[in-house]
Amino acid sequence: MIPTTPVPAKDGIANPAPLGLCAFGMTTVLLNLANAGFIELSSMILAMGIFYGGIAQVIAGVIESKKNNTFGLTAFTSYGFFWLSLVGLILMGKWGWFTAPSGSGMAAYLGIWGLFTLCLFFGTLKLNRALQLVFGTLVILFVCLAIEKGTGNAGIGKFAGYEGIVCGLIAIYAGVATLLNEVYGKTVLPLG
């Protein structure tokens, strides 16, 4: 049930972090269910990548800029565009618009995202433990996926899938905890 009385935002702008974290987390879990071999990579995952992991995170990032949160702006818009670019890479190659990236090409793509994520991880050291875990596990995920694409080692890819599910679940937890803590005005779920 949606409350009929909104919780007032101190600066008049709602906190976009729950949206961004849940969009990232849910899309990450679904893609990594496929990486781990539980489900197939399908239009369901690609649609989530475009609309929730992609567009919703970009919107969250833009709102973060209105809240003067440079970290939130950078993280949410970057990972929103990551999802959009990943879907683009998959579909452009599949549709024959451009040559699909090689294994080494995808390793470079995932590797540079891993390096970027490592840089952002250092920013989380001034934030809460939940975000440290999200970004720390995301660095590991990108590194594992880059190694898998570069070497063709399916075992590493499957491990990355399991690790990515954990990363996504932590992000969902952080998003829901932020939301519930604000709604209730107290710590319902700790962020650390």
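Now for a quick tour of the structure.

Rules of the game
- Residues numbered from 1 in each chain as written.
- Predicted model: local features only at pLDDT ≥ 70, side-chain atom pairs only at ≥ 80, totals over all residues.
- Heavy atoms only, no water.
- Helix = DSSP H or I, 4+ residues; strand = E, 2+ residues; numbered from the N terminus.
- Rg over C-alpha atoms; globule rule 2.2 N^0.38 Å.
- Buried < 20%, exposed > 50% of the residue type's maximum accessible area, 1.4 Å probe, protein only.
- Contact = heavy atoms within 4.5 Å.
- Salt bridge = Lys/Arg side-chain N within 4 Å of Asp/Glu carboxyl O.
- Axes fitted to C-alpha atoms, helices over the stretch in contact; angles between N-to-C directions.
- Parallel < 35°, antiparallel > 145°, perpendicular 65-115°, else oblique.
- Left-handed = near helix turned anticlockwise from the far one by under 90°.
- Nonpolar A, V, L, I, M, F, W, Y, C, P; charged D, E, K, R; others polar.
- Core = buried A, V, L, I, M, F, W, Y, C linked by side-chain atoms within 4.5 Å.
- Expected span 1.5 Å × (residues − 1).
- Polar contact = N/O pair within 3.5 Å; in protein donor to acceptor, adjacent residues only side chain to side chain.

## So, the overall build of the protein chain
Right, so step 1: Across its full length, the protein chain holds six helices and zero strands.
Right, so step 2: Scanning the protein chain from its N terminus toward the C terminus, one meets helices and strands in the order α-α-α-α-α-α.
Right, so step 3: Its C-alpha atoms give the protein chain a radius of gyration of 17 Å, within 12% of the compact-globule value 16 Å for 192 residues.
Right, so step 4: In terms of overall dimensions, the protein chain has C-alpha extents of about 50 × 30 × 30 Å along its principal axes.
Right, so step 5: Here the protein chain holds 192 residues, and 43% of them are scored as buried.
Right, so step 6: If you take every contact in the protein chain between residues at least 6 apart in sequence, the share linking residues at least 24 apart comes to 66%.

## Quick look at the pattern of salt bridges
Right, so step 1: Scanning all chains against the criterion turns up one salt bridge.
Right, so step 2: Put simply, Glu148 and Lys149 hold a salt bridge, and the shortest N to O gap is 3.8 Å.
Right, so step 3: For Lys149, a relative accessible area of 36% gives the class partly exposed.

## Considerations on the environment of Gly12
Right, so step 1: Relative to the assigned elements, Gly12 resides in the segment before helix H1 (17–35).
Right, so step 2: Along the chain, Gly12 and Lys67 lie 55 residues apart, while their C-alpha atoms are 9.5 Å from each other.

## Quick word on the packing of helix H3 (residues 70–94) against helix H4 (residues 103–124)
Right, so step 1: Between H3 and H4, whose axes approach to 12 Å, the crossing angle comes to 165°. Between H3 and H4, the interaxial angle falls into the category roughly antiparallel. Where H3 crosses over H4, the two elements pack in a sense that is left-handed. Here Phe71, Thr74, Ala75, Ser78, Tyr79, Phe82, Ser85, Leu86 and Leu89 of H3 come into contact with H4, specifically with Met106, Tyr109, Trp113, Phe116, Thr117, Leu120, Gly123 and Thr124.
Right, so step 2: Taken together, the residues that form the contact of H3 with H4 break down as 11 nonpolar, six polar and no charged.

## So, the nonpolar core
Right, so step 1: The biggest cluster of nonpolar side chains holds 26 residues, and the ones touching the most others in it are Phe24 and Tyr79.
Right, so step 2: Of all the elements in the fold, those that place two or more residues in this core are H1, H3, H4, helix H5 (129–151) and helix H6 (154–184).
Right, so step 3: With eight residues, H5 is the single largest residue contributor to this core.
Right, so step 4: Ignoring anything within four residues of it in the chain, the contact list for Phe24 reads Gln57, Tyr79, Trp83, Val134, Leu138, Cys167 and Ala171.
Right, so step 5: If you look at the next biggest cluster of nonpolar residues, it comprises seven residues, including Ala60, Phe76, Leu131 and Ala174.

## Some details on H5
Because an α-helix packs 3.6 residues into every turn, residues spaced three or four apart end up facing the same way.
Right, so step 1: Under the 1.5 Å per step criterion, the end-to-end length of H5 is 33 Å for 23 residues, consistent within 8% with the ideal 33 Å.
Right, so step 2: The N-terminus of H5 is capped by Asn128, whose side-chain oxygen sits 3.1 Å from the backbone nitrogen of Ala130.
Right, so step 3: Backbone geometry just after H5 places Gly152 at a positive phi near 75°.

## Description of unusual backbone geometry
Right, so step 1: Even without glycine at this site, Asn68 takes up a positive phi of about 60°.
Right, so step 2: Positionally, Asn68 belongs in the loop between helix H2 (43–66) and H3.
Right, so step 3: Judged by its relative accessible area of 68%, Asn68 falls in the exposed class.

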